[in-house]
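# Observations on the model geometry
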Amino acid sequence: MANIISGKELSAKLKDELKIKVKEFEETYGRKITLAVILVGENPASQVYVKNKIKSTEYVGMRSLAYYLPENSTEKDVEETVLALAKDVNVDGILVQLPLPKHLDEGKILNLIPAEKDVDGFLAENVGKLVIGEETTVACTPFGVMQMLKSTNIPLSGKNAVVIGRSNIVGKPMALLLLQANCTVTVCHSKTVNLKEICANADVLVAAIGRPEFVTADMVKEGAIVIDVGINRTEKGLVGDVKFYEVEKKASYITPVPGGVGPMTIAMLLENTYLCALRREKNA
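Read on for an overview of the structure. Fair warning: this is a prediction, and the values are worked out from it, not measured in the lab.

### Things to note about the packing of aromatic side chains
A complete count under the given rule lists 2 aromatic pairs for this structure. Note on Phe-25 and Tyr-29: the rings are 4.8 Å apart at their centroids and 50 degrees apart in plane angle, and the pair reads as tilted. Taken together, the residues span about one helical turn, with Phe-25 and Tyr-29 both in helix α1 (residues 7-29) at a distance of 4 residues. The exposure class assigned to Phe-25 is buried, which follows from its relative accessible area of 2%. A relative accessible area of 31% means that Tyr-29 is categorised as partly exposed. Between the aromatic rings of Phe-244 and Tyr-245, the centroid separation amounts to 5.2 Å while the plane-to-plane angle is 85 degrees, which identifies the pairing as edge-to-face.

What follows is the structure, given as structure tokens:
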């Protein structure tokens, strides 16, 4: 039976550690770290995410700025808000809550955020730095997954790692981080042939495909570490991309849904904000 990697417990521990670092930052540089969040529209899930982000930001001692724009905001309205925050020397990080309403150009708006304030780690400049191994801001979810893997105390070097999913937000940066940890990495997706056999050879399996309970026990190697990034709403409630009760019997470590990767994403957003502020001061 697998050990459970609780994102809820680990994120709480990391936030308490960050609280100490944030206080030291204030004492050293004489100012508060500030995160600005922009929410356009009234998407219920986005409202919950933003509320949780603001609460967590304040918990660790950072200043939180929230900008709520109506659903019918023009692209110009949103762009002006982002540009004002980009120029504001008191703002360390900018987060535009996704998804945006369909009439807005997501890519165009996100590209207005300066790379040094990109706490989501989505911009091409930051992704490019990750590719070549330079210090940068890493997308929050893969960053959180790496902390979860670290918490197992199992060395990753030389392990076979398989990532199911190739999104820009999770799959691709996840593969790059595992590569940096000296894993041998395979990225699988909807067109992959022999998916089951590839997954069954993985020492570390990261599922980020967005399909409810897609990963079954026959796809998992005995003793593998299984990280479930998926969160899917079904008739029986929230489930991940992994068939948890089957797979936990074979895995050495596994993450639950909910309470697994999700809480880590917010913790890493705060860590990224802290790191952005620190880099700004050191480069000043």
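Picking up where we left off.
### Focus: the side chain of Ser-73
For Ser-73, the location among the structural elements is in the loop between β3 (63-69) and α3 (75-87). Within the structure, the side chain of Ser-73 is placed 2.6 Å from the backbone oxygen of Pro-70, a separation counted as a polar contact. Not counting residues up to four positions away in its chain, the partners in contact with Ser-73 are Val-40, Val-78, His-103 and Leu-104.

### Description of the pattern of salt bridges
For the structure shown, the criterion picks out 15 salt bridges. As a salt-bridge pair, Asp-92 and Arg-31 come within 2.7 Å of each other at their nearest N and O atoms. Pair noted here: Asp-92 is in the loop between α3 and β4 (93-96) and Arg-31 is in the loop between α1 and β2 (34-40), with a separation of 61 residues, a long-range link. Each of the two residues, Asp-92 as well as Arg-31, counts as buried.

### Describing α3
With 13 residues, α3 extends 18 Å from end C-alpha to end C-alpha; this agrees with the ideal 18 Å at 1.5 Å per step. Within the span of α3, buried status applies to Val-78, Glu-79, Thr-81, Val-82, Leu-85 and Ala-86. All buried residues of α3 fall inside an arc of 160 degrees around its axis, so they share one side. In α3, the exposed positions that point more than 90 degrees away from the buried face belong to Lys-76 and Lys-87. Its buried side turned inward, α3 meets β2, β3, β4 and α4 (106-110).

What counts, and at which threshold
Residues numbered from 1 in each chain as written. Predicted model: local features only at pLDDT ≥ 70, side-chain atom pairs only at ≥ 80, totals over all residues. Heavy atoms only, no water. Phe/Tyr/Trp six-rings, centres within 6.5 Å; stacked < 30°, edge-to-face > 60°. Helix = DSSP H or I, 4+ residues; strand = E, 2+ residues; numbered from the N terminus. Buried < 20%, exposed > 50% of the residue type's maximum accessible area, 1.4 Å probe, protein only. Polar contact = N/O pair within 3.5 Å; in protein donor to acceptor, adjacent residues only side chain to side chain. Contact = heavy atoms within 4.5 Å. Salt bridge = Lys/Arg side-chain N within 4 Å of Asp/Glu carboxyl O. Expected span 1.5 Å × (residues − 1). Arc of directions from axis to C-beta.

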